[in-house]
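Remarks on the overall topology
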Amino acid sequence: MIERSEHGISRKQFSPNAIKVLYRLKEGGFDAYLVGGCIRDILLGQQPKDFDVVTNATPEQIKKLFRNCRLIGRRFRLAHIVFGREIIEVATMRGHHEAEESKNQISQSSEHGQLLRDNVYGSIEEDAERRDFSINALYYSINDFCIYDYANGISAIKAKQIELIGDPETRYREDPVRMLRAVRFATKLGMSIAPGTEKPIKGLANLLDHIPPARLFEESLKLFLNGKAEENYLMLRQYGLFKALFPALDKILDANPEGFEHTFILQMFKNTDKRINADKKVTPAFIFAALLWFPLQSIAKKLQQRDQLSEYDAFAQAMNKVLSENAQQVAVPKRFTLGARDIWHIQQRLDKRGGQRAYRLTQQPRFKAAYDFLLLRVQAGEEQQKELADWWTAYLSQDINGQKEMVKNLGHQGGPKRRRRPRKKKVD
């Protein structure tokens, strides 16, 4: 227990809505604490993004106290208390999943040791043992304004180490996504992964194959849209975790570790981090278009050779195939796969600029993203596209008259004119 005078955290640093939730639960006769990342981040001098609460009230009891509450989750039931755009997540304290089953305690594991259902409730001490990392097992109480540190989380913060609570192999088997979280926390907080926590990762990376693709999509967004995408990518590759997310690309990268493909992906993540850290928008469609670009080209080339297809037809079939295969690992929602398709399609049309085609292309909703994709290709070293990229950059800087003049100076686009076949003479 760390006294208020020792930790220096004030209630003013927490969300007012989170404090409301704590007091409502207290008035209802329950124990409640702020827990995890919000405590950790404040101790590190960072501004928390989320405020999570843990309580000894069951999800059903929480729902009775809050009209603005909705219950979610299957693996572990959670309560979301909605305050406009802010959601305060409230979880019931977890117990050990070996605990005796009762009406409100259901636990189920897979043959790999992964927890499929974990609605087992317990005490705060048990809850702390069930937390993943020691830095997340910190609890703040409004009863005495103390921080309760059950797993030496303060020491881990001072040592700048990400350390699992309990036996690392067992904890990774319970939930393999913890391996991805270890990477994300290490880069986000500028810490290293403790040797014992790090050691099993490579050998257990394939356990991610048993995680639902929809969940891996959500985890991918957390890894690639947090301003640390470049570092996360390099660590995922280092620990063999990238293969579980993007096996086709991983195979291509392994074949040429320091080649153009690696440079392209690295540059894409650098650009992504730069935009996010400048508070600019990044669409997941662009990221997934880049991550699947080389598998797409590989499949298109094979289809063209094997089935004697035209370049256009092979490319169209390859798009369907690469997205279908990738969905087995990471289930990207349709709104983003459609965006990726548009970015890829436009790459094929960027060199066809004659007549009204250049203007019409700029009116496509994904044109800006596709243009940025072309610039990325050049930036990564695809020199043969530089002239085309320079032309489009100049075109976009012109007014309508300047654009017409640029198109006029191109000459005929699309190759030589098709010759008309001579009409056959009628034979009397």
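Attention in this report is confined to the structure presented alongside it. This structure is a prediction, so every number in the text was calculated from the model and none was measured. (Residues numbered from 1 in each chain as written. Predicted model: local features only at pLDDT ≥ 70, side-chain atom pairs only at ≥ 80, totals over all residues. Heavy atoms only, no water.)

**Some words on the pattern of salt bridges**
For the structure shown, the criterion picks out 19 salt bridges. For R181, the salt bridge goes to D132, with nearest N and O atoms at 2.6 Å. Here D132 lies in the loop between α5 (124-130) and β8 (138-141) and R181 lies in helix α8 (residues 177-189), a separation of 49 residues in the sequence. The salt bridge partner of E169 is R173, with a shortest N-O separation of 3.4 Å. (Salt bridge = Lys/Arg side-chain N within 4 Å of Asp/Glu carboxyl O. Helix = DSSP H or I, 4+ residues; strand = E, 2+ residues; numbered from the N terminus.)

**Let's talk about the pairing of strand β1 (residues 32-35)**
Burial along β1 is two-sided: A32 and L34 and Y33 and V35, pointing in opposite directions, are all buried. Looking at chain direction, β1 and β8 are connected through three bridges and run antiparallel. Paired with L34 across the two strands is Y140, which belongs to β8. (Buried < 20%, exposed > 50% of the residue type's maximum accessible area, 1.4 Å probe, protein only. Pairing = 2+ DSSP bridges.)

**A few points about helix α18 (residues 311-326)**
Over its 16 residues, α18 extends 22 Å from the first C-alpha to the last, a length consistent with the 22 Å expected when each residue adds 1.5 Å. Within α18 the residues assigned to the buried category are A314, F315, A318, M319, V322, L323 and N326. Viewed along the axis of α18, the buried residues span an arc of 155°, placing them on a single side of the element. Looking at the buried residues of α18, the elements they touch are α13 (242-245), α17 (293-307) and α19 (334-349). (Expected span 1.5 Å × (residues − 1). Arc of directions from axis to C-beta. Contact = heavy atoms within 4.5 Å.)

**Some details on the nonpolar core**
If you look at the biggest cluster of nonpolar residues, it comprises 104 residues, and the most contacted ones within it are L34, F224, L241, L291 and W344. Take this core: its biggest share by element is eight residues, from α8. The residues contacting F224, other than those within four sequence positions of it, are A229, L236, F242, F246, F269, T272, I276, I287 and L291. Judged by nonpolar contacts, the second largest core, of 16 residues, contains I346, V378, L388 and Y395. (Core = buried A, V, L, I, M, F, W, Y, C linked by side-chain atoms within 4.5 Å.)

**Some points on empty space enclosed by the protein**
A full pass over the atoms with the stated rule returns one cavity of 30 Å³ or more. Of the pockets and cavities examined, the largest cavity occupies roughly 40 Å³. Taken together, L22, K26, F30, D31, A32, I142 and N143 make up the lining of the largest cavity. Its residues placed into classes, the lining of the largest cavity shows four nonpolar, one polar and two charged. (1 Å grid on protein atoms, 1.4 Å probe; cavity = no way out; pocket = protein on both sides within 12 Å on 5 of 7 lines; lining within 4 Å. Points joined across faces, edges and corners; volume = space filled by probe spheres on them. Nonpolar A, V, L, I, M, F, W, Y, C, P; charged D, E, K, R; others polar.)

**A short note on unusual backbone geometry**
Even without being glycine, N152 reaches a positive phi, approximately 60°. Mapped onto the elements of the fold, N152 is located in the loop between β9 (147-149) and α6 (153-159). Relative accessible area serves as the criterion here: at 58%, N152 is assigned to the exposed category. Notably, Q308 is not glycine yet its phi reads approximately 55°, a positive angle. Relative to the helices and strands, Q308 is located in the loop between α17 and α18.

**Focus on the sheet that holds strand β4 (residues 78-83)**
The mixed open sheet is built from seven strands, whose spatial order is β3-β4-β5-β2-β1-β8-β9. In this open sheet, the two strands that pair with only one neighbour each are β3 (69-72) and β9. Geometrically, the sheet is characterised by an average inter-axis angle of 30° between neighbouring strands, direction not taken into account. Pairing between strand β2 (residues 52-55) and strand β5 (residues 86-92): four bridges, direction parallel. Of the residues in β5, the one forming a bridge with D52 is E89. (Axes fitted to C-alpha atoms, helices over the stretch in contact; angles between N-to-C directions.)

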